[in-house]
Amino acid sequence: MIGKIRSIPLKILILRALLRRLPKNHPKRIHISEELSRREAGYNSEEYLDTLIEHLLGSKFIIFHDLNFSDGKSTYQIDNLLISPQLALIIEVKNMTGELTFDSINDQFYQKVGDKIKGYSDPVTQVQRHQTYINKLLAENNFPPVPVDYLIVINNTNAVLVFQGTSSEVRKRICKSHSFHKKVHLIENSHLENILSKKNLRKLSRLLLKNNTPPTNSILKQYEIKVSDLLTGVLCPLCIHKPMIRKKKKWFCPSCKEYSSDAHILALMDYFLLFGTTITNQQFRKFAQIDSPDTSRRILLSMNLKGTGTYKGRTYHPETVPW
Ligand SMILES: [Zn+2]
(Lines give C-alpha, C1' and ligand atoms only; values in the text may rest on other atoms or scores of the structure.)
Protein backbone atom coordinates (compact mmCIF):
# COMPACT_ATOMS: atom_id res chain seq x y z
CA MET A 1 0.00 0.00 0.00
CA ILE A 2 1.26 3.46 -0.82
CA GLY A 3 1.12 5.97 2.04
CA LYS A 4 2.72 8.78 0.07
CA ILE A 5 3.69 8.92 -3.60
CA ARG A 6 6.81 10.61 -4.89
CA SER A 7 6.18 13.90 -6.61
CA ILE A 8 8.97 16.22 -7.75
CA PRO A 9 11.02 16.46 -4.54
CA LEU A 10 10.72 19.77 -2.76
CA LYS A 11 14.44 20.22 -2.74
CA ILE A 12 14.35 20.34 -6.55
CA LEU A 13 11.51 22.88 -6.56
CA ILE A 14 13.38 24.98 -4.02
CA LEU A 15 16.63 24.92 -5.97
CA ARG A 16 14.76 25.92 -9.14
CA ALA A 17 13.14 28.82 -7.26
CA LEU A 18 16.51 29.84 -5.89
CA LEU A 19 18.04 29.96 -9.37
CA ARG A 20 15.15 32.12 -10.58
CA ARG A 21 15.81 34.57 -7.76
CA LEU A 22 19.61 34.71 -7.74
CA PRO A 23 21.20 37.40 -9.91
CA LYS A 24 23.02 36.08 -13.00
CA ASN A 25 26.45 36.93 -11.66
CA HIS A 26 25.94 35.58 -8.12
CA PRO A 27 28.96 33.46 -7.05
CA LYS A 28 26.77 30.62 -5.67
CA ARG A 29 24.93 30.04 -8.96
CA ILE A 30 27.34 27.44 -10.38
CA HIS A 31 27.30 25.36 -7.23
CA ILE A 32 23.50 25.46 -7.00
CA SER A 33 23.06 24.58 -10.71
CA GLU A 34 25.31 21.55 -10.21
CA GLU A 35 23.37 20.44 -7.17
CA LEU A 36 20.10 20.85 -9.08
CA SER A 37 21.32 18.79 -12.08
CA ARG A 38 22.52 16.03 -9.76
CA ARG A 39 19.17 15.91 -7.97
CA GLU A 40 17.17 16.02 -11.20
CA ALA A 41 19.17 13.09 -12.60
CA GLY A 42 18.61 11.21 -9.34
CA TYR A 43 14.88 11.90 -9.38
CA ASN A 44 14.55 10.55 -12.92
CA SER A 45 16.28 7.29 -12.12
CA GLU A 46 14.46 6.79 -8.83
CA GLU A 47 11.30 5.76 -10.65
CA TYR A 48 12.77 2.33 -11.37
CA LEU A 49 13.52 1.68 -7.72
CA ASP A 50 10.13 3.01 -6.60
CA THR A 51 8.49 0.45 -8.89
CA LEU A 52 10.74 -2.29 -7.54
CA ILE A 53 9.97 -1.39 -3.91
CA GLU A 54 6.23 -1.21 -4.59
CA HIS A 55 6.23 -4.48 -6.53
CA LEU A 56 8.24 -6.46 -3.96
CA LEU A 57 6.99 -4.93 -0.74
CA GLY A 58 3.72 -3.16 -1.49
CA SER A 59 1.61 -6.00 -0.06
CA LYS A 60 3.50 -6.16 3.25
CA PHE A 61 4.39 -2.56 3.97
CA ILE A 62 2.85 0.89 3.83
CA ILE A 63 5.27 2.82 1.64
CA PHE A 64 6.10 6.51 1.98
CA HIS A 65 8.29 8.06 -0.72
CA ASP A 66 10.20 11.29 -0.06
CA LEU A 67 9.41 12.35 3.49
CA ASN A 68 10.83 15.55 4.96
CA PHE A 69 11.00 16.12 8.69
CA SER A 70 12.40 18.85 10.86
CA ASP A 71 12.99 18.94 14.61
CA GLY A 72 13.57 22.68 14.64
CA LYS A 73 17.34 22.32 14.49
CA SER A 74 17.97 19.88 11.65
CA THR A 75 16.11 18.53 8.65
CA TYR A 76 15.73 14.88 7.66
CA GLN A 77 14.95 13.97 4.06
CA ILE A 78 14.04 10.29 3.85
CA ASP A 79 13.90 8.76 0.35
CA ASN A 80 11.61 5.88 1.38
CA LEU A 81 10.13 4.82 4.67
CA LEU A 82 8.25 1.51 4.85
CA ILE A 83 6.22 0.44 7.84
CA SER A 84 4.72 -2.92 8.75
CA PRO A 85 3.61 -4.58 12.02
CA GLN A 86 7.18 -5.96 12.39
CA LEU A 87 9.41 -3.21 11.16
CA ALA A 88 10.04 0.36 10.04
CA LEU A 89 12.50 0.26 7.16
CA ILE A 90 14.35 3.26 5.74
CA ILE A 91 15.54 2.79 2.17
CA GLU A 92 18.10 5.36 1.09
CA VAL A 93 18.83 5.48 -2.62
CA LYS A 94 21.99 6.75 -4.28
CA ASN A 95 22.09 7.15 -8.03
CA MET A 96 25.81 7.38 -8.53
CA THR A 97 28.25 5.81 -10.91
CA GLY A 98 31.99 5.11 -10.70
CA GLU A 99 33.92 3.59 -7.83
CA LEU A 100 32.07 4.38 -4.61
CA THR A 101 34.06 4.05 -1.40
CA PHE A 102 32.42 3.68 2.00
CA ASP A 103 35.22 4.63 4.37
CA SER A 104 33.80 3.71 7.78
CA ILE A 105 37.04 4.49 9.58
CA ASN A 106 36.66 8.18 8.82
CA ASP A 107 32.89 8.22 8.14
CA GLN A 108 33.63 9.36 4.61
CA PHE A 109 32.07 8.56 1.27
CA TYR A 110 33.68 9.34 -2.03
CA GLN A 111 33.23 8.75 -5.70
CA LYS A 112 36.02 8.07 -8.17
CA VAL A 113 35.30 8.53 -11.86
CA GLY A 114 38.41 8.21 -14.07
CA ASP A 115 41.11 9.84 -11.98
CA LYS A 116 38.77 12.36 -10.38
CA ILE A 117 37.80 11.88 -6.74
CA LYS A 118 34.90 13.74 -5.15
CA GLY A 119 33.63 13.49 -1.58
CA TYR A 120 29.94 13.46 -0.62
CA SER A 121 28.13 13.25 2.68
CA ASP A 122 28.36 9.70 3.98
CA PRO A 123 25.12 7.75 3.30
CA VAL A 124 25.71 5.48 6.33
CA THR A 125 25.99 8.41 8.74
CA GLN A 126 23.01 10.02 7.00
CA VAL A 127 20.74 6.98 7.24
CA GLN A 128 21.75 6.34 10.86
CA ARG A 129 20.77 9.94 11.66
CA HIS A 130 17.37 9.23 10.10
CA GLN A 131 17.12 6.01 12.09
CA THR A 132 17.74 7.94 15.33
CA TYR A 133 15.13 10.52 14.32
CA ILE A 134 12.45 7.87 13.59
CA ASN A 135 13.23 6.04 16.83
CA LYS A 136 12.80 9.27 18.74
CA LEU A 137 9.58 10.14 16.91
CA LEU A 138 8.13 6.69 17.75
CA ALA A 139 9.14 6.92 21.42
CA GLU A 140 7.82 10.47 21.84
CA ASN A 141 4.46 9.41 20.46
CA ASN A 142 4.26 6.30 22.66
CA PHE A 143 4.41 3.69 19.93
CA PRO A 144 5.52 0.19 20.94
CA PRO A 145 9.27 -0.20 20.28
CA VAL A 146 9.20 -1.47 16.70
CA PRO A 147 12.71 -1.96 15.23
CA VAL A 148 13.85 0.71 12.79
CA ASP A 149 16.21 -0.76 10.21
CA TYR A 150 17.74 0.58 7.03
CA LEU A 151 19.05 -0.33 3.62
CA ILE A 152 21.22 1.75 1.30
CA VAL A 153 20.66 0.97 -2.37
CA ILE A 154 23.06 2.04 -5.10
CA ASN A 155 20.83 2.39 -8.12
CA ASN A 156 23.38 2.34 -10.90
CA THR A 157 24.57 -0.83 -12.65
CA ASN A 158 27.97 0.71 -13.47
CA ALA A 159 28.86 1.56 -9.89
CA VAL A 160 31.55 -0.47 -8.10
CA LEU A 161 31.35 -0.60 -4.30
CA VAL A 162 34.46 -0.45 -2.15
CA PHE A 163 34.41 -0.85 1.63
CA GLN A 164 37.06 0.36 4.05
CA GLY A 165 36.72 -0.76 7.64
CA THR A 166 32.96 -1.24 7.24
CA SER A 167 31.49 -3.68 9.76
CA SER A 168 29.53 -6.67 8.45
CA GLU A 169 26.42 -5.27 10.18
CA VAL A 170 26.63 -2.15 8.01
CA ARG A 171 27.84 -3.95 4.87
CA LYS A 172 24.83 -6.25 4.72
CA ARG A 173 22.67 -3.13 4.62
CA ILE A 174 24.31 -1.71 1.49
CA CYS A 175 23.57 -3.20 -1.91
CA LYS A 176 23.08 -2.52 -5.57
CA SER A 177 19.55 -2.51 -6.95
CA HIS A 178 19.86 -5.95 -8.59
CA SER A 179 20.39 -7.60 -5.19
CA PHE A 180 17.80 -5.47 -3.41
CA HIS A 181 15.24 -8.29 -3.18
CA LYS A 182 17.75 -10.62 -1.47
CA LYS A 183 18.89 -8.03 1.06
CA VAL A 184 15.41 -6.89 1.92
CA HIS A 185 14.36 -10.49 2.68
CA LEU A 186 17.33 -10.92 5.03
CA ILE A 187 16.30 -7.80 6.90
CA GLU A 188 12.63 -8.83 6.95
CA ASN A 189 13.56 -12.28 8.29
CA SER A 190 15.45 -10.81 11.19
CA HIS A 191 12.35 -8.95 12.42
CA LEU A 192 9.45 -11.39 12.63
CA GLU A 193 7.59 -10.33 15.73
CA ASN A 194 4.35 -8.35 15.28
CA ILE A 195 4.75 -5.18 17.27
CA LEU A 196 2.51 -2.57 15.70
CA SER A 197 -1.25 -3.21 15.56
CA LYS A 198 -3.36 -2.12 12.59
CA LYS A 199 -4.50 0.80 14.70
CA ASN A 200 -0.86 1.72 15.47
CA LEU A 201 -0.04 1.63 11.76
CA ARG A 202 -2.93 3.95 10.89
CA LYS A 203 -1.92 6.32 13.66
CA LEU A 204 1.72 6.24 12.55
CA SER A 205 0.75 6.89 8.92
CA ARG A 206 -1.20 9.97 9.98
CA LEU A 207 1.70 11.18 12.13
CA LEU A 208 4.23 10.78 9.29
CA LEU A 209 2.06 12.73 6.85
CA LYS A 210 1.33 15.40 9.42
CA ASN A 211 5.00 15.88 10.29
CA ASN A 212 6.08 15.83 6.65
CA THR A 213 7.15 19.47 6.52
CA PRO A 214 8.83 21.02 3.54
CA PRO A 215 12.47 22.02 3.95
CA THR A 216 11.78 25.66 3.12
CA ASN A 217 13.79 28.62 4.37
CA SER A 218 16.68 26.45 5.54
CA ILE A 219 18.14 26.50 2.04
CA LEU A 220 19.36 30.11 2.24
CA LYS A 221 21.20 29.31 5.44
CA GLN A 222 22.64 26.15 3.92
CA TYR A 223 24.14 28.03 0.97
CA GLU A 224 24.96 31.12 3.05
CA ILE A 225 22.86 33.35 0.82
CA LYS A 226 21.53 36.61 2.22
CA VAL A 227 17.85 37.44 1.71
CA SER A 228 19.03 40.77 0.26
CA ASP A 229 20.93 38.88 -2.49
CA LEU A 230 17.67 37.60 -3.97
CA LEU A 231 15.74 39.38 -6.70
CA THR A 232 12.25 40.49 -5.72
CA GLY A 233 9.36 41.29 -8.00
CA VAL A 234 7.03 39.33 -10.21
CA LEU A 235 9.27 37.83 -12.85
CA CYS A 236 8.30 37.92 -16.51
CA PRO A 237 7.48 34.35 -17.61
CA LEU A 238 9.10 35.09 -20.98
CA CYS A 239 12.33 36.89 -20.22
CA ILE A 240 12.83 36.18 -16.43
CA HIS A 241 15.15 38.25 -14.23
CA LYS A 242 13.04 41.34 -14.92
CA PRO A 243 10.42 42.52 -12.42
CA MET A 244 7.04 43.24 -13.99
CA ILE A 245 4.95 46.34 -13.32
CA ARG A 246 1.26 46.36 -12.30
CA LYS A 247 -0.64 48.08 -15.12
CA LYS A 248 -4.29 47.90 -16.21
CA LYS A 249 -4.95 45.16 -13.59
CA LYS A 250 -2.32 42.99 -15.26
CA TRP A 251 1.43 42.51 -15.12
CA PHE A 252 3.42 44.38 -17.74
CA CYS A 253 7.01 43.51 -18.69
CA PRO A 254 9.03 46.67 -19.42
CA SER A 255 11.55 44.58 -21.30
CA CYS A 256 9.53 42.45 -23.75
CA LYS A 257 6.34 44.60 -23.50
CA GLU A 258 4.12 41.57 -22.87
CA TYR A 259 1.20 41.43 -20.41
CA SER A 260 0.42 38.57 -18.05
CA SER A 261 -2.60 38.13 -15.81
CA ASP A 262 -1.17 35.40 -13.58
CA ALA A 263 2.60 35.96 -13.34
CA HIS A 264 2.22 36.55 -9.57
CA ILE A 265 1.47 32.84 -9.02
CA LEU A 266 5.08 31.85 -9.64
CA ALA A 267 6.27 34.72 -7.44
CA LEU A 268 4.12 33.50 -4.56
CA MET A 269 5.35 29.97 -5.13
CA ASP A 270 8.95 31.21 -4.95
CA TYR A 271 8.14 33.01 -1.72
CA PHE A 272 6.68 29.88 -0.10
CA LEU A 273 9.60 27.77 -1.28
CA LEU A 274 12.35 30.12 -0.15
CA PHE A 275 11.12 32.15 2.80
CA GLY A 276 8.47 30.13 4.58
CA THR A 277 4.93 28.95 4.24
CA THR A 278 3.04 32.03 5.44
CA ILE A 279 2.85 35.53 4.00
CA THR A 280 1.24 38.80 5.08
CA ASN A 281 -0.12 41.49 2.80
CA GLN A 282 2.87 43.68 3.60
CA GLN A 283 5.37 40.91 2.87
CA PHE A 284 3.67 40.14 -0.41
CA ARG A 285 3.63 43.83 -1.42
CA LYS A 286 7.33 44.12 -0.72
CA PHE A 287 8.22 40.89 -2.48
CA ALA A 288 6.00 41.41 -5.53
CA GLN A 289 6.75 45.17 -5.63
CA ILE A 290 3.09 46.21 -5.45
CA ASP A 291 2.34 49.74 -4.19
CA SER A 292 -1.33 49.40 -3.33
CA PRO A 293 -2.35 47.34 -0.26
CA ASP A 294 -5.77 46.83 -1.86
CA THR A 295 -4.34 45.35 -5.05
CA SER A 296 -2.09 43.12 -3.02
CA ARG A 297 -5.01 41.98 -0.86
CA ARG A 298 -7.20 41.29 -3.91
CA ILE A 299 -4.48 39.17 -5.47
CA LEU A 300 -3.88 37.22 -2.26
CA LEU A 301 -7.61 36.60 -1.83
CA SER A 302 -7.87 35.27 -5.38
CA MET A 303 -5.16 32.68 -4.72
CA ASN A 304 -7.16 30.06 -2.85
CA LEU A 305 -4.99 30.34 0.27
CA LYS A 306 -5.98 29.71 3.85
CA GLY A 307 -6.05 32.81 6.02
CA THR A 308 -5.69 33.39 9.75
CA GLY A 309 -6.01 36.60 11.76
CA THR A 310 -7.68 39.83 10.73
CA TYR A 311 -6.72 43.19 9.24
CA LYS A 312 -3.02 43.96 9.26
CA GLY A 313 -2.13 40.84 11.18
CA ARG A 314 -3.72 38.53 8.64
CA THR A 315 -1.44 35.82 7.30
CA TYR A 316 -2.03 33.66 4.26
CA HIS A 317 -0.72 30.17 3.72
CA PRO A 318 -1.20 27.38 1.20
CA GLU A 319 -2.90 24.20 2.36
CA THR A 320 0.02 22.13 1.17
CA VAL A 321 3.53 22.84 -0.06
CA PRO A 322 4.34 22.40 -2.92
CA TRP A 323 1.34 24.51 -3.62
ZN1 LIG B 1 9.49 39.99 -20.42
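Residues numbered from 1 in each chain as written. Predicted model: local features only at pLDDT ≥ 70, side-chain atom pairs only at ≥ 80, totals over all residues.

Counting its regular elements, the protein chain contains 10 helices and 16 strands. With the principal axes as the frame, the protein chain shows a C-alpha extent of 65 × 55 × 30 Å. Contacts spanning at least 24 positions in sequence make up 62% of the contacts within the protein chain whose residues lie at least 6 apart. (Helix = DSSP H or I, 4+ residues; strand = E, 2+ residues; numbered from the N terminus. Contact = placed C-beta atoms within 7 Å.)

What follows concerns the domain arrangement of the protein chain. For the protein chain, the domain assignment lists domain 1 (2–211) and domain 2 (231–317). Counting residues at the interface gives eight residues for domain 1 and eight residues for domain 2. Residues of the side of domain 1 that touches domain 2, tallied by class, amount to five nonpolar, no polar and three charged. (Domains from an automatic or database assignment. Nonpolar A, V, L, I, M, F, W, Y, C, P; charged D, E, K, R; others polar.)

Turning our eyes to something else, we now look at the nonpolar core. Core analysis: the biggest nonpolar cluster contains 37 residues, and Leu81, Leu82, Ala88, Leu89, Ile90 and Ile91 have the highest contact counts within it. Ranked by residue count, the leading element in this core is strand S8 (residues 148–154), at six residues. Residues contacting Ile90, with those up to four places away along its chain left out, are Ile78, Leu81, Val127, His130, Gln131, Ile134 and Tyr150. With 30 residues, the next largest nonpolar core counts Ile14, Leu15, Leu268 and Phe287 among its residues. (Core = buried A, V, L, I, M, F, W, Y, C linked by C-beta atoms within 7 Å. Buried ≥ 20, exposed ≤ 12 C-beta atoms within 10 Å, placed from the backbone.)

Looking now at the environment of Phe180. You can see Phe180 is positioned in helix H5 (residues 180–189). A sequence separation of 12 residues divides Phe180 from Leu192, and the C-alpha atoms of the two residues are 19 Å apart.

A few words on the pairing of strand S2 (residues 62–70). The sheet contact formed by strand S1 (residues 2–4) and S2 spans two bridges and is parallel. Its bridge partner being in S2, Lys4 is matched across the sheet by Phe64. In the sheet, S2 pairs with strand S3 (residues 75–83) via eight bridges, with the strands oriented antiparallel. Bridging across to S3, Ile63 finds its partner in Leu82. Joining the antiparallel neighbours S2 and S3 is a turn of four residues, in which Gly72 adopts a positive phi near 95 degrees. (Pairing = 2+ DSSP bridges.)

This next bit is on the sheet that holds strand S16 (residues 315–317). Spatially, the three strands line up as an open sheet ordered S14-S16-S15, and their pairing is antiparallel. Bordering the open sheet on either side are strand S14 (279–280) and strand S15 (306–308), each of which pairs with just one other strand. Relative to S16, S14 runs antiparallel, the two being bridged by two bridges. Residue pairing for S16: Thr280 is matched across the bridge by Thr315.

When you tally the buried positions in helix H8 (residues 264–274), you get eight out of 11 residues, the bulk of the element. Looking at H8, one finds that the buried residues are His264, Ala267, Leu268, Asp270, Tyr271, Phe272, Leu273 and Leu274. Close packing links the buried residues of H8 with helix H1 (10–21), helix H7 (219–222), strand S12 (250–252), S14, helix H9 (281–288) and helix H10 (293–301). Positive phi appears at Gly276, one or two residues downstream of H8, with a value of about 145 degrees.

Below, the discussion takes up the sheet that holds strand S7 (residues 116–120). Pairing is mixed across the open sheet formed by four strands, whose spatial order is S7-S6-S5-S9. In the strand order of this sheet, the two ends are held by S7 and strand S9 (160–164), each with one partner. Neighbour to neighbour, the strand axes of the sheet diverge by 20 degrees on average, direction disregarded. (Axes fitted to C-alpha atoms, helices over the stretch in contact; angles between N-to-C directions.)

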